[in-house]
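A look at the structure
One letter stands for each residue in the lines below.
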Amino acid sequence: MTESTRGEPLIVMEGVEKSFGDFRALHAIDLTVHSGEVVVVIGPSGSGKSTLCRCINRLETIDAGRITIDGRQLPEEGRALARLRAEVGMVFQAFNLFAHKTALENVTLGPTKVRGIPRNAAEHRGRELLDRVGVGAKAGSYPAELSGGQQQRVAIARALAMDPKVILFDEPTSALDPEYIAEVLDVMAELARDGMTMVVVTHEMGFARRAADRVVFMADGGILEEGAPADFFDSPRTQRARDFLARVLPH
């Protein structure tokens, strides 16, 4: 995605600060994500990547600064916050599926309860989405009957079912066995090709290189550099980024 093909700013973070006690998790974060853009956030453990993701849909409250989504400031609480969260999908490291509900029930719960979509319509759409992520045959299965990769693909379908403006992925493959990582990344790459706005926190450098429009490198709670994947991976500007890539990229 070039400057000329970018959509309108969808997520804007300005001067965002977040601390947990004496630990400063985010410091002076300025970040804009445009409609249709795939931004991959990478960096060492403890750099603030997941906190950044969780602040965008107010799972964590910020201490200072400002976050707007599609031109609207994040609501404090109540129905306005619920409506905003409906527009900002999130896929977690630990799947977070309801164990007592089938894959299809997990996918249709949000549309029926939050958006008020009739059950028949929600189930029809849910089956389409389960097919799209490759687990249509598992619609009647419970999470315990699914592999980790299948559970995460159901979680992606659940996020898509809300018809969100953006999906946040917080380490979506880090809890998976190696053989299931590729199937989840393939679904995410397809979403990227289809133009879904995505913010992805991940350790998967191959995905960052092939699917991102922009790579954001974080360390010590701040953004040290950002740029196109080819520029970042081939010629990082900061020593911290060079050291990080030396540790995580195959030699």
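Residues numbered from 1 in each chain as written. Predicted model: local features only at pLDDT ≥ 70, side-chain atom pairs only at ≥ 80, totals over all residues. Heavy atoms only, no water.

An unreviewed UniProt entry lists the chain under the name ABC-type polar-amino-acid transporter, with Candidatus Protofrankia datiscae as the source organism. Quoted straight from UniProt, the Subcellular location (unreviewed entry) entry for the chain says "Cell membrane". In the Sequence similarities (unreviewed entry) part of its UniProt record, the chain is described as follows: "Belongs to the ABC transporter superfamily." (UniProt positions renumbered as here; feature names shortened; annotations may be inferred.)

A few points about the sheet that holds strand E3 (residues 38–42)
Pairing in this open sheet of six strands is mixed, and the strands run E6-E7-E8-E3-E9-E10 from one edge to the other. For this open sheet the edge positions go to strand E6 (88–91) and strand E10 (222–227), each flanked by a neighbour on one side alone. For this sheet, the mean angle separating the axes of adjacent strands, direction not counted, is 20°. Pairing of E3 with strand E9 (residues 214–219), which is carried by four bridges, proceeds in the parallel orientation. Bridging from a neighbouring strand, Val41 pairs with Val216 of E9. Against the sheet, helix H2 (residues 78–87) touches E6 and strand E7 (166–170), its axis set at about 65° to E6. Together, E3, E7 and strand E8 (198–201) form the strand contacts of helix H6 (residues 178–193), whose direction differs from that of E8 by roughly 150°. (Pairing = 2+ DSSP bridges. Helix = DSSP H or I, 4+ residues; strand = E, 2+ residues; numbered from the N terminus. Axes fitted to C-alpha atoms, helices over the stretch in contact; angles between N-to-C directions. Contact = heavy atoms within 4.5 Å.)

Things to note about the side chain of Thr197
Within the element layout of this structure, Thr197 appears in the loop between H6 and E8. For Thr197, a relative accessible area of 3% puts it in the buried group. Here Gly36 takes part through its backbone nitrogen, which lies 2.7 Å from a polar atom of the side chain of Thr197. (Buried < 20%, exposed > 50% of the residue type's maximum accessible area, 1.4 Å probe, protein only. Polar contact = N/O pair within 3.5 Å; in protein donor to acceptor, adjacent residues only side chain to side chain.)

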